[in-house]
Amino acid sequence: MNTPRRFWIRTHGCQMNVHDSEKVANLLLHDGWESARGMDDADLLILNTCSIRDKAEHRLYSELGKLREWKELARGRIVGVAGCVAQQQGDALLRRFPQLDFVYGTHNLRRVPEMAAAASRGVRDAQTGESRSQERFDLPSRHPSLEGDPAGRAFVTVMEGCDMFCSFCIVPSTRGREISRAGAEIVAESRDLVASGIRELTLLGQTVNAYGRHDRRRAHERAERAAGAAIALAPADPEHSFADLLGRLAEIPGLARLRYISPHPIFYDDALIRAHAELDPLCPHIHLPVQSGSSRILERMRRRHTADEYRRLVERLRASRPDLAITTDLIVGFPGETSADFAETLALVREVAFTDSFSFKYSPRPGTAAATLEDAVPDAVAQARLEELQDLQRSLTLDAHRARVGETTEILVEGSSRRGGAQLSGRDPFHRIVNFSSEAEFPPAPGSLIRVEIVDATPHSLIGVWNPAIAGDRAPRNVKMGALIADERSAVIGSERASALRGGSRG
Ligand code: SAM
Ligand code: SF4
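Here is a short report on the structure shown in this document. Just so you know, these numbers come straight off a predicted model, no measurement behind them. (Residues numbered from 1 in each chain as written. Chains lettered and ligands numbered in written order. Predicted model: local features only at pLDDT ≥ 70, side-chain atom pairs only at ≥ 80, totals over all residues. Heavy atoms only, no water.)

1. Some remarks on the site of ligand 1
Where we set the bar: Nearness is defined per residue: one heavy atom within 4 Å of the molecule or strand is enough. Side-chain atoms alone can form a polar contact between residues adjacent in sequence; in general such a contact is a pair of N or O atoms within 3.5 Å, and within protein one must be able to donate a hydrogen while the other accepts it. Every accessible area reported is derived by Shrake-Rupley at a probe size of 1.4 Å, with residue values counting cover from the shown protein chains alone. Put simply, the grid is 1 Å and covers the protein atoms alone, a cavity is a trapped set of points that fit a 1.4 Å probe, a pocket is an open set with protein on both sides within 12 Å along at least five of seven lines, and lining residues have an atom within 4 Å of a point. The rule for placing a molecule in a cavity or pocket is simple: more than half of its atoms must lie within 2 Å of the grid points. Helix and strand definitions here come from DSSP, where helices need a minimum of 4 consecutive H or I residues and strands a minimum of 2 consecutive E residues; each element is numbered from the N-terminal end.
Taken together, 17 residues surround ligand 1, and among them Phe168, Gln206, Gln291, Asp329 and Ser363 come closest. Phe168 is positioned with one of its backbone polar atoms (N or O) 3.0 Å from a nitrogen atom of ligand 1. In the environment of ligand 1, an oxygen atom lies 2.6 Å from a nitrogen or oxygen atom belonging to the side chain of Asp329. For ligand 1, whose unbound accessible area comes to 560 Å², protein coverage reaches 96%. A molecule is said to occupy a pocket when more than half its atoms come within 2 Å of that pocket's grid points, and by this definition ligand 1 occupies the largest cavity. At the level of secondary structure, the elements contributing two or more residues to the shell around ligand 1 comprise strand S13 (325-332) and strand S14 (356-361).

Rendered as structure tokens:
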């Protein structure tokens, strides 16, 4: 039998999953695999899964069912399953789906080449062990054939796992305990990416601004032990503070934009709030999940802050950076949510005037604390609330967009617009999509930073016109261009993003 050599990765879920797929593509390229053009010419297919809500998990089972036929179309084809469902189900997936060859969990990416090789010899395997060492961040540098995002954006992992245990959330069991990556490694990877032409970095972590907190606590404990003191604390180790990390990254020459996702409201300190006023490349946008506007529900969700504390944080952030765009995540129909609780959510959304939000109907996840709560909200009620909330958000987003007509904004060009025609598309510093037409003979290349005049607004995007006579445009740097795959935020070659990141379908 010929050894299978071309891979294709289909990714569901959040940015962490997208980035994990990039890491696995890179590992496979280093191992001599090539990227396929699609499923049809692939020998190895990996489904990178999401289990944040029930729907995402069921989609995997139906997809796996269909893969039996795909495998039979060519000899020696291999199927692997990765991500959060893989982490939870492990062996059980192999038993349930005979067409499946291997399963690897969120801590076992480095095992993929070896598991794929074993699978081609007929060995089926599941690896879901948890690693708590820095080794899991130790991955090879970018392979020359790993074509990045044409717009010149890249993700950088700064921490993994989550210790917050919000009562609705499966992530602490699928991603394991919180661990921060060494600052020097993060800075080195970021420097390399920028040197290769990347313009925008997004720092990733489930609670990204909790970066380094366990290392700081351990440093305090060590200092206390050394001093023999019971109370005196050593000053926070700046090597392990998120604000400090942002400061170090913001100094990288050539880095135009710096973002981070997802922060947790309770991990904003003065230095981080100040960073939004002081650091030039740090974009004026924060995706700051609130989940509910009712403090009673927030307590049942174990979010560790009240609605008013969230309001005060928003005030402080806006005092630091007045033009800050804030987007959020919201859950409706959490057990026990009354119409009064929901009214508080609507009130908070109106008051904060989120630029946009992702809203979800609560989905009970087995094994989470909320799964045992009684007083479930009937589905029809949750659905009606979701629609009311989304209607409100659409009108707020449209207001925010309309207020910007007449402005000139800098956008990072991504390529053709989803609307088709000759329109191009990009994102501005506030993370808004700007679809624009060009008055120039040649359109700007993906990865260019250009200044566009906003002439119109819809609830989904801003409409602009690019006139190259406006000064201040910056051409793309030496990014290696990949084929622009429609609907891709992260166009890793040999992979596709299966779920859109908009309209309530965020991972
Ligand atoms: N770590 C981030 C945070 O703390 O907000 C978010 C992680 S999660 C991948 C993304 C979003 O999914 C959450 O903010 C929440 O709104 C939603 N989510 C998580 N569990 C859910 C559940 N059981 N039902 C509905 N939505 C859920
Ligand atoms: Fe952690 Fe975010 Fe899930 Fe809460 S919602 S448990 S902070 S990943």
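2. Some details on the layout of surface pockets
To keep things clear, this is the line we draw: Grid points are joined across faces, edges and corners, and a volume is the space filled by probe spheres set on the points.
The volume enclosed by the second largest pocket comes to roughly 720 Å³. In terms of lining residues, the second largest pocket is bounded by 32 residues, among which Pro140, Ser141, Arg142, Glu189 and Leu193 are the most central. Mapped onto the lining of the second largest pocket, the elements with two or more residues apiece are helix H1 (15-30), strand S7 (153-157) and helix H7 (183-195).

3. Examining the packing of H7 against helix H9 (residues 242-250)
The relative placement of two packed helices is expressed as an angle between their axes plus a distance between the axes. We apply this condition: Between N-to-C directions, angles span 0 to 180 degrees; the directions come from axes that are lines fitted to C-alpha atoms, helices contributing only their stretch in contact. An angle below 35 degrees is treated as roughly parallel, one above 145 as roughly antiparallel, one from 65 to 115 as roughly perpendicular, and anything else as oblique. Should the near helix be turned anticlockwise from the far one by less than a right angle, the crossing is termed left-handed; should it be turned clockwise, right-handed. Whether two residues are in contact is decided by their heavy atoms: any pair within 4.5 Å suffices. Put simply, Ala, Val, Leu, Ile, Met, Phe, Trp, Tyr, Cys and Pro go in the nonpolar bin, Asp, Glu, Lys and Arg in the charged bin, and everything else, Gly too, in the polar bin.
Interaxial distance between H7 and H9 falls to 10 Å at its minimum, and their mutual angle equals 30°. Looking at the two axes, H7 sits roughly parallel to H9. In terms of crossing hand, the pair formed by H7 and H9 is right-handed. Across the interface between the two elements, Gly183, Ala184, Ile186, Val187 and Ser190 of H7 pack against Leu245, Arg248 and Leu249 of H9. Classifying every residue of the contact of H7 with H9 gives five nonpolar, two polar and one charged.

4. Observations concerning unusual backbone geometry
Note the following rule: Categorising residues by exposure relies on relative accessible area from a 1.4 Å probe, with only protein chains included: less than 20% of the type maximum marks a residue as buried, more than 50% marks it as exposed, and the intermediate range marks it as partly exposed.
For the peptide bond that leads from Ile261 to Ser262, omega is -10°, which places it in the cis range. Along the chain, Ser262 turns up in the loop between strand S11 (257-261) and helix H10 (270-278). Here Phe165, not a glycine, exhibits a phi torsion of approximately 50°, which is positive. With respect to the helices, strands and loops of the structure, Phe165 is situated in the loop between strand S8 (159-160) and helix H6 (171-175). Judged by its relative accessible area of 40%, Phe165 is partly exposed. Unlike most non-glycine residues, Ala353 shows phi in positive territory, near 50°.

5. Thoughts on empty space enclosed by the protein
This structure, assessed with the given rule, holds five cavities of 30 Å³ or more. Estimated volume of the largest cavity: approximately 630 Å³. The element best represented in the lining of the largest cavity is H6, accounting for four residues.

6. A look at the nonpolar core
Heads up, the rule is: By nonpolar core is meant a set of buried Ala, Val, Leu, Ile, Met, Phe, Trp, Tyr and Cys residues that side-chain atoms within 4.5 Å join together.
Leu203 and Tyr260 are the most contacted members of the largest nonpolar core, which has 66 residues in total. Per-element accounting of this core gives the leading share, six residues, to H9. Beyond its immediate chain neighbours, meaning those up to four positions away, Leu203 contacts Val156, Val158, Val208, Phe242, Leu246, Leu249, Leu258, Arg259, Tyr260 and Ile261.

7. Here's the deal with the packing of aromatic side chains
Quick reminder of the rule: Aromatic contacts are taken between Phe, Tyr and Trp rings whose centres are within 6.5 Å, Trp giving its six-membered ring; a plane angle under 30 degrees counts as stacked, one over 60 as edge-to-face, and the others as tilted.
As enumerated under the stated definition, the model contains five aromatic pairs in all. On the numbers, 5.1 Å between centres and 85° between planes, the contact of Phe242 with Tyr260 is edge-to-face. Of this pair, Phe242 sits in helix H9 while Tyr260 is found in strand S11, placing the two residues 18 residues apart along the sequence. The class for Phe242 is buried, based on a relative accessible area of 4%.

8. Thoughts on H7
How we decide: Expected helix span is given by 1.5 Å per residue-to-residue step, counting one fewer step than there are residues. The directions from the helix axis to the C-beta atoms form the arc being described.
Under the 1.5 Å per step criterion, the end-to-end length of H7 is 18 Å for 13 residues, consistent within 8% with the ideal 18 Å. Among all positions in H7, only Gly183, Ile186, Val187, Ser190, Leu193 and Val194 are buried. End-on view of H7: buried residues confined to an arc of 125°, all on one side of the axis. For H7, exposure combined with an orientation more than 90 degrees from the buried face picks out Asp192 and Ala195. In this fold, the buried residues of H7 make contact with S7, strand S10 (200-204) and H9. Downstream of H7 by one or two residues, Gly197 has phi in the positive range, about 115°.

Keep in mind these values describe shape, not function.
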